[in-house]
Amino acid sequence: MKSTLIRFFFLMVFVLVSSCEMEPTLADQLDTQIKSDKNIRSFLDGTYRQMVNFRYYGRNMILAGELRSDNTYSNGNSGRMTVMSRMQLTPTTGDVGDLFNQIYGTVANPNIIIQEYLSGNEIEGEQNNIEHMIGEAYGIRAQSHFDLLRLFGQQYIDEGENLGVSYITEFKGDDVQIPRGTVEENKSQIYADITAAIDHLKEGQSSQYSQDKTNFTLDAAYALLTRVAVYFKDYATLLAYKDEVEDLIARLPVTEASELVEYWAQSTPGKASIFELSQSESDNQNIDGISYIYRGNNYGDVQAYDSLIQDAEFEPGDIRISEEMMQIDDRGILRNMGKYPSEGQQLGSDNIIVYRIEEVVLNYAEALEETGQQSNTGKSASDYLNMITSHRNASPYTSSVDMDDILKERRKELLFEGFRFFDLQRTGRDIPNVDPSTVNNHELVPAGDYRFAMPIPRREIEANKQTKQNPHY
Amino acid sequence: MKAVPIFIFFLLFLVSTTFVGAQEKTISGVVTDQNSVPLPGVSIQVKGGAEGTTTDFNGNFSLQAQVGAVLNFSSLGFKTQEITIGEDDTLTVMLQEDTQALEEVIVTAFGRKLTRNESTSNVVSVGDEELQKSSFVNPQEGLQGKVSGLTVGSVSGVPGSAPEIRIRGSNSVTASNAPLYVLDGVPLNSDDISGSSSTTSLDPLSVINIDDIENITVLKDASAVAPYGAEGSNGVILITTKSGKLGKPRYTLSYKLGFQNRAIRGLRAMNSEQKMEAVEEAYWNSFGPEFGNGQMTSRDELHDFALDHSVFMAEWERQGRPYTDWYEDLRNKNALLHQANFSVSQGDEKSKFYASLGYNKTEATYIGTKFHRLNGLVKYSRQMSEKLDIDISATASNVDQDIILENSAYFDNPNNGEAMGSPWVSLYNEDGSFNIGPSFGDFTSMYNIPYNVKHNTRNNNVVYVSTNDILNYKLSKNLIFRSVLGLDYMVRYYKTYRNPNEGDGVNPNGDDSESAMRRYHYTTQNSLDYSFKIGEENNFRVTAVQEFSKYKSNFLTGYGSNMASEDLTNLSGASANYTANSTFSDRMSMRFVGLLNYNFNQKYLMDASYSYQGDSRFSSRWDSFYSVGLGWNLHKEPFFENIDKIETLRLKLGYGITGNAAIGRNQYQALTSISRYRDQPAATVTGYGTDAKWEKSRRMDLSLDYSFFNGRLKGSIGGYYNTTTDMLFQVPLPMSSTFLDGTVLRNLGEMDNKGFEFDISADIISTPDFNWNISGNVSLMSNKVTKLPEEANIISASRIVSQGHKVYEWYLPEFARINPDNGLPEWYIDRTVNDETTNDYTQAQRNYIGKNALPTYYGGLSMRFDYKHLFLDASLFFQGGNRIFEQWLTYRQSTIGSNVNSFNTSVDAFEGAWREPGDQATYARFDFNNSSVSNFVQNSTRWLHNGAYMRLRDIGIGYSFDQKMLESIGFFSGIDIVVRGTNLWTWVKDKTLKYDPEVGNSGLTTLATPPIKSVTMQINLKF
């Protein structure tokens, strides 16, 4: 009995001693410390993953450009995107908060990376890779803030104080309540980040990453620059990069008419692509993605106005209205079929194309047209527009093109990709009420109307005492 | 058979200890309780003499005594009886139960047993008889209305889903408000274990068989819960399982059969003709001459216009206007409840044994959901020597739960289907086969749920084994060492298979997702317990406890799609998109506790506790907690002692500090999670990191226990004042902070919870043939956030946490009316300023409503009549002072055309909608485009309801067969038959609230299975 007891007491002491371990195991997560180029890569890829989320480029950013326009509306089949379609957004509309939150979220990792780089701490790894990735970080930071500004800034509304958005350059900074900058301040911050991106990406041109179109590259930085410049009608800045842009257009051919369907259907970036966000059959936004809202069995909420083909002035035979690209389905609904088609794959598997050469061509054409200049090789705006039409089975433009022609071709070429609202917005045009008999239509929104800026979400207003709401919300 | 040698031994013992005097004679007999069940271990003393004995396990005794001597029969829990020896040599003694004495012993923290006269704790105990009235599968459900200060919120009516138990309201905003569960001395992890948060939850406590529970003790006040320190703030629920009883083997077989339906029908959806009328009305208002764009000029055009514009209506018309009542197609009418238990109990002086087997099959009120449990328990305790005894228990349980998607607007959620399913589509073809594919999907986004219920799998399967071993060693007469080792191991296997023909499985061409969660937990507890006296009157008991718990969870999941055949539903049949994932987390908690219990002659009482506790969930691991309790047994004072109508008057005062540590694991570190991008690792910041520490609760209690007229009137009355300090808050960060999750955990602010609790029990009539008992409890509760910086305010879509207001007070734009001229809703712009209204929802200010989801009063009332062998009992639960807010309005109550056309809306909306000028309508007009109409279903006070209700929680009638009659039959020692109804009647104050008022603690209506009512019949056989 005694020996049993003694053994028992030993056991008890053992249990007491062994049980003092109080440190939890951390097996599934990393801390936020950057130590090597490998860490930076993961942090950047995390950002792309956030960008391709349906709340940003994976769906809502595209729809913010299409639904608030004369291209498409939501039929409310699954109850999605109806408020956006009616342009009755409020600070509590879920899709507005989602966009705002998600886009800001993509700035976290770039800031962590840039902060670490600027701190001067040594980062292990190959220098050219690190340079490229720092460039990517600056590029994404510029892209995200530019998108926020396009959605929430007051640059194209009549009222307001010309406020832009809060420009965030620190993660977990001492102060997380950052006021909105002015549009001008935002603009110069965006340009500064693009310039920094270009500098670093040039340093990293020998990196393997410079050849991968599913991350941000030097070409993407130039493409972003053209998009920002035309958005602000700041054609001088664009033309300052004339050489680079023309070089880009020379290197990346506009997709042939015969290859257009295949270009959209292929699962890897095509020749004309500059920057795509990667998705695959096993890794995608699934039912929340853009394909489902255009075509999904139980979704399919976003449909084109019945009159779109006439309104956009498509000519018969234009490859962009071929059966493969647009179709009236068996319920009589005109649908986008060719873009994000998930051809031969599970629906929603498509890469999201953020930049392709056709947009750069159109941006450049616009800069030439608006400034009356010619390219280094003596080409005019119409020559560039015709680079598009000649590859689309469409008639060429005559030599004198104006802004209406540019917008017309942009609408046809970039249809369903989320450009239309921003084109109407930045050129001071009304958003027409195409068909008052459809459900969820929006009334005519005149140029300068408050609805050209989305409301700042309520949570931001409440948690950031420094920010300000847009007029009328 | 084992009993025979013990019996002989016992007789020898008796013979050897009783030396016979010449004038004495041998008296023998049997001692039984009121039901003639033999009582073992009854002490028999000859008054004034040294002789004495105890009864054996058959209640028999034998001793030598003189004629005229007085024998004193005493046993714990029974009234002492004295019998003078006369001529008879044999005696049959029936002892009366001493109900008062039975309740005296209470279980407190760490299994310490104290009598009420020694303890300052305020505890409520619910016994097995009360618990078994419940027709639910988890034991906590049976506590509703039985314990003052405790509420049970129903989140889903699916059996096995986790109810929300709250003790004294809501003490925390961010950390859990669930009480700590302790099963036979070992803390339990009570977190939901369902495989998916989109589905029905699964309560880990549902592995326990209610029939195996001896009692549930609820610890509420400072001195009772403080020993559990950092986990005690939400109260503690001690579950004690049954043990073997002294006596010969007793077998019990019970069988229960019942039928369930939902307690309240709920909000009804329109039928097909109503839907047609509503859609047409919407077209008229949007395209007619009054409010529309004038595309129609007369109502004569309306039907054709609607057919032209609504593909759905046209198809419905083409098919000859079929009607699908989704409610009828989805419900499981008279859901079966089926339960069988078998147990055996036996005990002698040295060992006790209890074993049971249980089977439970309970269906839910929607098709395709059910709960299945098979479990066994074995307990054995043995006195190894005079100093050492051990208790061993082992239990194994298998739970199989077929579940559904719930709580959100999933197309496969039956509760959603019932509301949103279009009555125009047919679930079945004319030949009776399922209508799936384009002929179904082209005309509704909903899925054919009955088809999917039949062809999909959603299942939780739990295997639970646990052992609990206790060793007590008497180091000296008053010093006891006790060691407890509790191990439990739980594997939850979850599977979702979705068929390739209909619903979510179409696009992946059938898919399967499976996950296994393994939860392993152990607790070691070592304690020393020392009782001593200083002088005659100072009684001390000191206890030192060390306890360590470790919780480990492994999680493994796999997914695959493109299934080879509909017959292959496992991952082995998948051919594409394989993914796999595994995670691991652990948590450690340790405490060192010192407990002191002191009384002066059982008159003046003191309890004190101190605990030093560590938890791995915080960056600063350790903190200390304490409590002091004082008590005064007034009835022991001379001035009360002589009043024989007063048995008990005990005044108790308690003060203590407890904590709440129930936050997520690893939350204190800034962390990133890994996902993937182009098949490369992609890091996302998921943890902001925090140096937050324990949330503390400062608790004060004052209460009075009373018992009058031989215990026929008794109860307690008390008040408490809890202040939560250093509240854990997920402080919202601006979205522009770039942290996607948007909040950071901090200790901020204070909150008060105050309340009164009354308990009363009265034996109004107490005769041998007829008893009438009434008992009841009432709790009053009030809550206020007393300190909180404004930036930490939590503002959700309908609620707010801010200083000076109730926690999660409703915070809504105030609805004014439906304008009788145009049918548009109007809201007050700001009612705190004036009564001006607007039909522009965005202009309406949100205001504090002054109420939250917590009831300010609630309670229970029970009654029991016994007449000879017949009993009737009933208990009622009531609550009020709270508000309930309707959610999912767009899907259930909308009058906007596209919603009604694509889905459906409520009959209330159909009947209440504005039709023509002058209508005093309760719903906005039907309209396709009007923004005010679309905003009608935005959050406002229009959808806030008074939550007061009263419910007949249970009512039962039973018959116990007469003992004498059974004896004549033989074999059986008891047969009871009980018929019982649960939730048979409900009264809801707010007639516009169509949902069941028993909602979760958020106060929000959900898209989940509603609570049930049931009728059950039970038969218990004892032999």
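The structure displayed is predicted, hence computed values, not measured ones.

### Description of the interface of chain B and chain A
Right, so step 1: Counting from both sides, the interface comprises 82 residues of chain B and, opposite them, 84 residues of chain A.
Right, so step 2: Interface of chain B and chain A: buried area, both sides summed, is about 7,300 Å²; carbon and sulfur atoms make up 55% of it.
Right, so step 3: It is Y677, R678 and M735 of chain B in chain B that bury the most area against chain A; as a group they hold 12% of the surface buried on that side.
Right, so step 4: Where chain B packs against chain A, one counts 3 salt bridges.
Right, so step 5: Across the salt bridge formed by R678 of chain B and D212 of chain A, the nearest N and O atoms sit 3.3 Å from each other.
Right, so step 6: Summed over the shared surface of chain B and chain A, the number is 22 residue pairs in polar contact (both at pLDDT 80 or more).
Right, so step 7: Residues of the side of chain B that touches chain A, tallied by class, amount to 37 nonpolar, 37 polar and 8 charged.
Right, so step 8: Here strand β1 (residues 29-31) of chain A runs beside strand β30 (residues 670-677) of chain B; their pairing, made up of 3 bridges, is antiparallel. Looking at β30 of chain B, one finds that L30 of chain A is bridged to T672 of chain B.

### Details of a negative patch on the surface
All names here are of chain A.
Right, so step 1: A surface patch of like charges, here negative, comprises E256, E259, E262, E323, E324 and E343.
Right, so step 2: Checked against the element boundaries, E262 lands in helix α11 (residues 260-265).
Right, so step 3: Residue class for E262 comes out partly exposed when judged on its relative accessible area of 48%.

### What to know about the side chain of S223 of chain B
All names here are of chain B.
Right, so step 1: Mapped onto the elements of the fold, S223 is located in helix α4 (residues 222-225).
Right, so step 2: For S223, a relative accessible area of 8% corresponds to the buried category.
Right, so step 3: At 3.4 Å, the side chain of S223 forms a polar contact with the side chain of T120.
Right, so step 4: Residues in contact with S223, not counting those within four places in the same chain, are T120, S121, S627 and G629.

### Remarks on the sheet that holds strand β14 (residues 186-188) of chain B
Residue and element names in this part refer to chain B.
Right, so step 1: The strand order across the open sheet built from 5 strands is β10-β15-β16-β13-β14, with neighbouring strands paired in mixed fashion. Two strands close off the open sheet at either side, each with one partner strand: β10 (123-127) and β14. Within the sheet, the average angular offset between the axes of one strand and its neighbour, ignoring direction, is 25°.
Right, so step 2: Summarising the sheet, strand β13 (residues 180-183) and β14 pair through 3 bridges and their orientation is antiparallel. Across the sheet, residue L183 finds its bridge partner in β14, namely V186.

### Describing the nonpolar core
Residue and element names in this part refer to chain A.
Right, so step 1: In this structure, L277 and I357 are the most contacted members of the largest nonpolar core, which totals 232 residues.
Right, so step 2: Take this core: its biggest share by element is 12 residues, from helix α6 (residues 127-152).
Right, so step 3: Contacts of I357, omitting those with residues within four sequence positions, involve L248, I249, L252, P253, V254, A272 and I274.

### Looking at the environment of E185 of chain A
Right, so step 1: The residue E185 of chain A is located in helix α7 (residues 183-203) in this model.
Right, so step 2: Separated by 22 residues in the primary sequence, E185 of chain A and L163 of chain A place their C-alpha atoms 9.2 Å from one another.

### Considering the pattern of salt bridges
Right, so step 1: Applying the stated criterion across every chain, the model contains 83 salt bridges over all chains.
Right, so step 2: For E413 of chain A, the salt bridge identified is with R320 of chain A, shortest N-O distance 2.9 Å. Remark: R320 of chain A occurs in the loop between α13 (308-311) and β5 (326-328) and E413 of chain A occurs in helix α16 (residues 403-413); sequence separation between them is 93 residues.
Right, so step 3: Across the pair E273 of chain B and R321 of chain B runs a salt bridge, and its minimum N-O distance is 3.3 Å. Here the residue E273 of chain B occupies a position in helix α5 (residues 272-287), and R321 of chain B occupies one in the loop between α7 (311-318) and α8 (326-330), the gap between them amounting to 48 residues.
Right, so step 4: Among the residues examined, R321 of chain B registers a relative accessible area of 31% and is labelled partly exposed.
Right, so step 5: One network of salt bridges, in which partners are shared, links D318, R320, K339, R356, E358, R392, E409, E413 and E417 of chain A.

### Topic: the pairing of strand β21 (residues 388-402) of chain B
All names here are of chain B.
Right, so step 1: Pairing of strand β20 (residues 370-383) with β21 involves 14 bridges; the strand directions are antiparallel. When the bridges of β21 are listed, L377 appears paired with T395.
Right, so step 2: What sits between β20 and β21 in their antiparallel hairpin is a turn of 4 residues.
Right, so step 3: Across 15 bridges, the pairing between β21 and strand β22 (residues 457-474) is antiparallel. When the sheet's bridge partners are listed, S397 is paired in β22 with Y464.

About the cut-offs
- Residues numbered from 1 in each chain as written.
- Chains lettered and ligands numbered in written order.
- Predicted model: local features only at pLDDT ≥ 70, side-chain atom pairs only at ≥ 80, totals over all residues.
- Heavy atoms only, no water.
- Contact = heavy atoms within 4.5 Å.
- Buried area = accessible area lost by both parts, 1.4 Å probe.
- Salt bridge = Lys/Arg side-chain N within 4 Å of Asp/Glu carboxyl O.
- Polar contact = N/O pair within 3.5 Å; in protein donor to acceptor, adjacent residues only side chain to side chain.
- Nonpolar A, V, L, I, M, F, W, Y, C, P; charged D, E, K, R; others polar.
- Pairing = 2+ DSSP bridges.
- Helix = DSSP H or I, 4+ residues; strand = E, 2+ residues; numbered from the N terminus.
- Patch = residues over 30% accessible without salt bridge, like charges linked within 9 Å, V, L, I, M, F, W, Y side chains within 5 Å.
- Areas by Shrake-Rupley, 256 points an atom, 1.4 Å probe, with all protein chains shown as cover.
- Lys, Arg positive; Asp, Glu negative; His and termini not counted.
- Charge placed at Lys NZ, Arg CZ, Asp CG, Glu CD.
- Buried < 20%, exposed > 50% of the residue type's maximum accessible area, 1.4 Å probe, protein only.
- Axes fitted to C-alpha atoms, helices over the stretch in contact; angles between N-to-C directions.
- Core = buried A, V, L, I, M, F, W, Y, C linked by side-chain atoms within 4.5 Å.

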